[in-house]
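Spelled out from the first residue to the last, the chains are:
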Amino acid sequence: MTSTDLTNWLKTYGQAWETRNPDAAAALFTEDAAYYETPFGSPLDGIFLLDFDETGLCRELREWWHRVELPQEQ
């Protein structure tokens with residue numbers, strides 16, 4: 001996969017996410033793909049770990065995003 005291929009994949013993934021289009025998102029992944037989000041612990045600061053097959057479909061995605069929670073004003 002070239003950097004252009006990755007850029008295009010990420011752009012298409014982003015569009016599917018923003019438009020809430022599950023079919024468009026699913027078309028980017030292999031049939032047996034694994035998708036992980038960290039279920040516990042402190043959020044990390046923005047990691048996208050992607051593994052693609054030889055056809056350019058994602059077979060594994062792991063993402064962690066940094067989130068800062070501000071104290072509520074009283």
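What counts and how
- Residues numbered from 1 in each chain as written.
- Predicted model: local features only at pLDDT ≥ 70, side-chain atom pairs only at ≥ 80, totals over all residues.
- Heavy atoms only, no water.
- Pairing = 2+ DSSP bridges.
- Helix = DSSP H or I, 4+ residues; strand = E, 2+ residues; numbered from the N terminus.
- Axes fitted to C-alpha atoms, helices over the stretch in contact; angles between N-to-C directions.
- Contact = heavy atoms within 4.5 Å.
- Salt bridge = Lys/Arg side-chain N within 4 Å of Asp/Glu carboxyl O.
- Buried < 20%, exposed > 50% of the residue type's maximum accessible area, 1.4 Å probe, protein only.
- Core = buried A, V, L, I, M, F, W, Y, C linked by side-chain atoms within 4.5 Å.
- Expected span 1.5 Å × (residues − 1).
- Arc of directions from axis to C-beta.

Looking now at the sheet that holds strand β1 (residues 29-37). The mixed open sheet is built from three strands, whose spatial order is β1-β3-β2. Because the sheet does not close on itself, it has two edges, and the strands there are β1 and β2 (47-52). Strand after strand, the sheet turns through a mean of 10° between neighbouring axes, direction not considered. Sheet topology note: the β2/strand β3 (residues 58-64) ladder contains six bridges and is antiparallel. Counted as the bridge partner of Leu50 is Leu61 from β3. Each of β1, β2 and β3 touches helix α1 (residues 3-18); the most contacted strand, β2, lies at about 115° to it.

What follows concerns the pattern of salt bridges. Overall, the coordinates contain two salt bridges when judged by the stated rule. Between Arg59 and Asp51 there is a salt bridge; the shortest N-O distance is 3.0 Å. Here Arg62 ties to Glu60 by a salt bridge, and the two come within 3.1 Å at their closest N and O atoms. For Arg62, a relative accessible area of 27% puts it in the partly exposed group.

Turning our attention to the nonpolar core. Ranked by size, the top nonpolar core spans seven residues in total: Trp9, Tyr13, Leu28, Phe29, Phe52, Cys58 and Leu61. Elements that contribute at least two residues to this core include exactly α1 and β3. When near neighbours in sequence (up to four residues on either side) are disregarded, Leu28 contacts Trp9, Thr12, Tyr13, Leu57 and Cys58.

Take α1 next. In an α-helix, one full turn covers 3.6 residues, which means residues spaced three or four apart are oriented alike. For α1, which comprises 16 residues, the first-to-last C-alpha distance of 22 Å matches the rise-based estimate of 22 Å (1.5 Å per residue) to within 8%. Every buried residue of α1 is listed here: Trp9, Tyr13 and Ala16. Projected down its long axis, α1 shows its buried positions confined to an angular sector of 60°, all on one face. Counted as exposed and oriented over 90 degrees from the buried face of α1: Ser3, Thr7, Lys11 and Glu18. Contacts from the buried residues of α1 go to α2 (22-26), β1, β2 and β3. At the C-terminal side of α1, Arg20 shows a positive phi close to 55°.

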